[in-house]
Amino acid sequence: MNSFIDSHCHLNFPQFKDNLDEIIKRATNSGVKKMITISIKLSQINDLEYISNKYSQVYNSVGIHPHECINYKDLSIDDLLQYTKNPKCVGIGETGLDFYYENSPKNLQSNIFSLHIDAARRSNLPLIVHTRNADKETITILEKEMRKGEFSGLIHCFSAGKELAERAIDLGLYISLSGIVTFNKANDLRNIVKKLPLERLLIETDSPYLAPVPYRGKCNEPSYITYTADFLAKLLNITLDELAQKTTKNFHDIFKKAI
Ligand SMILES: [Zn+2]
Ligand SMILES: [Zn+2]
């Protein structure tokens, strides 16, 4: 059986509250060897730490989703760094820009995004970037910050344009693909993905959201990563075995703490 890693899921969400043991078991039975349960706000970090402590194959991140920035106007870098001391905390995010919903003012999102980048540099942990309807601004911040000092990271649930993908790759960043790539209307995304270097690709579910075909619209879970992996292998014209091995290796190249 092939091994996969779900680089981005939200196991603390209410959808999994009553059946997390089963969800984890199904993931294991599907070959999912590791998962990162991703932080969207600091008020939930204890729940994440509880989960990553309970299940050896689950890790967690620390960060504030762009939607939540409005509640963290006075955020300091130490507010983030204090949680990186946990041995199971392997990444900074999710952070970035979401100008689609714009639940938080753009300026505040940008400032908090930069603060996360600084935390990634100082902790030597990879940055997990969320970007929606903000390609240009995301590129500007990533390039400006990279000139200030290097950091590693990925664009999660990639669904942006070609230029963002190419510039992110040029910066040494990775691209993580979700079930969106299986969606009927995602032709533009598929055309971009086909040209991305395999040595920079990761896979994720972003569960409970974005279930891949054939479960589109249902509650997503880490075990469904196999559908996205299978689809991607066909799209990239490689074997599932090769896709599993490469994405697992890429994961460990950036998430060095998740050994
Ligand atoms: Zn996201
Ligand atoms: Zn997410």
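Quick notes on the rules
Residue numbering note: each chain is counted from 1, following its sequence as written. Chains carry letters from A onward and ligands carry numbers from 1 onward, assigned in written order. Residue-level local features of this predicted model are given only where pLDDT is at least 70; pairs of side-chain atoms are given and counted only at 80 or more, and the full residue set underlies all totals for whole chains, interfaces and linings. Comment: elements are numbered from the N terminus, with helices defined as DSSP H or I runs of at least four residues and strands as E runs of at least two. Using C-beta atoms placed from the backbone, we call a residue buried if 20 or more other C-beta atoms fall within 10 Å of its own, exposed if 12 or fewer do, and partly exposed for counts in between. Only when DSSP finds a minimum of two bridges between them are two strands counted as paired. For every element, the axis is a line fit to its C-alpha atoms; helices are fit only across the contacting stretch, and the angle between N-to-C directions ranges from 0 to 180 degrees. Note on terminology: angles under 35 degrees are roughly parallel, angles over 145 are roughly antiparallel, angles of 65 to 115 are roughly perpendicular, and the others are oblique. Working definition of a contact: two residues with C-beta atoms, positioned from the backbone, lying within 7 Å. Residues are grouped as follows: nonpolar covers Ala, Val, Leu, Ile, Met, Phe, Trp, Tyr, Cys and Pro; charged covers Asp, Glu, Lys and Arg; every other residue, Gly included, is treated as polar. Take the residue count of a helix, subtract one, and multiply by 1.5 Å to get its expected span. Think of it as the arc spanned by the lines of direction from the helix axis to the C-beta atoms. For this entry, the nonpolar core is defined as buried Ala, Val, Leu, Ile, Met, Phe, Trp, Tyr and Cys residues connected by C-beta atoms within 7 Å.

1. What to know about the overall build of the protein
Thinking step 1. If you tally the helices and strands in the protein, you get nine helices and eight strands.
Thinking step 2. When each of the 259 residues of the protein is scored for burial, the buried share is 47%.

2. Here we look at the pairing of strand 4 (residues 89-98)
Thinking step 1. Counting buried positions over the 10 residues of strand 4 gives 10, a clear majority of the element.
Thinking step 2. Pairing of strand 3 (residues 58-62) with strand 4, which is carried by three bridges, proceeds in the parallel orientation. From the neighbouring strand, V62 faces strand 4, where its bridge partner is I92.
Thinking step 3. Relative to strand 5 (residues 127-132), strand 4 runs parallel, the two being bridged by six bridges.

3. Some details on the packing of helix 8 (residues 225-236) against helix 9 (residues 240-254)
Thinking step 1. Taken N-terminus to C-terminus, the directions of helix 8 and helix 9 make an angle of 110 degrees; their axes are 9 Å apart at the nearest point. As the angle between them shows, helix 8 and helix 9 are arranged roughly perpendicular. Of the residues in helix 9, those in contact with A229, D230, L232, A233 and L236 of helix 8 are L240, L243 and A244.
Thinking step 2. Classifying every residue of the contact of helix 8 with helix 9 gives seven nonpolar, no polar and one charged.

4. Let's talk about helix 9
Because the α-helix completes a turn every 3.6 residues, residues three or four places apart line up on one side.
Thinking step 1. Between the first and last C-alpha of helix 9 there are 22 Å, a value that for 15 residues agrees with the 21 Å anticipated at 1.5 Å per step.
Thinking step 2. Every buried residue belonging to helix 9 is among L243, A244, T247, N250, F251 and I254, and all of these are buried. All buried residues of helix 9 lie within an arc of 140 degrees about the axis, which places them on one face of the element. Pointing more than 90 degrees away from the buried face of helix 9 are the exposed residues D241 and K249.
Thinking step 3. As for helix 9, its buried residues are in contact with strand 1 (4-9), strand 6 (153-155), strand 7 (174-177), strand 8 (201-203) and helix 8.

5. Side note on the nonpolar core
Most often, soluble globular proteins keep nonpolar side chains buried together rather than apart.
Thinking step 1. Residues I92, L154 and I175 are the most contacted members of the largest nonpolar core, which totals 71 residues.
Thinking step 2. Those residues in contact with I92 that lie beyond four places of it in its chain are S61, V62, G63, L80, H116, A119, A120, S123, L125, L127 and I128.

6. Quick notes on the sheet that holds strand 4
Thinking step 1. Ordered in space as 1-2-3-4-5-6-7-8, the eight strands form an open sheet in which the pairing is parallel. The outermost strands of the open sheet, each flanked by one partner alone, are strand 1 and strand 8. When the angles between neighbouring strand axes are averaged without regard to direction, this sheet yields 30 degrees.
Thinking step 2. Its contacts with the sheet put helix 2 (residues 45-54) on strand 2 (32-37) and strand 3, and the angle it makes with strand 3 is roughly 160 degrees.

Everything listed is a geometric property; what it means functionally is a separate question.
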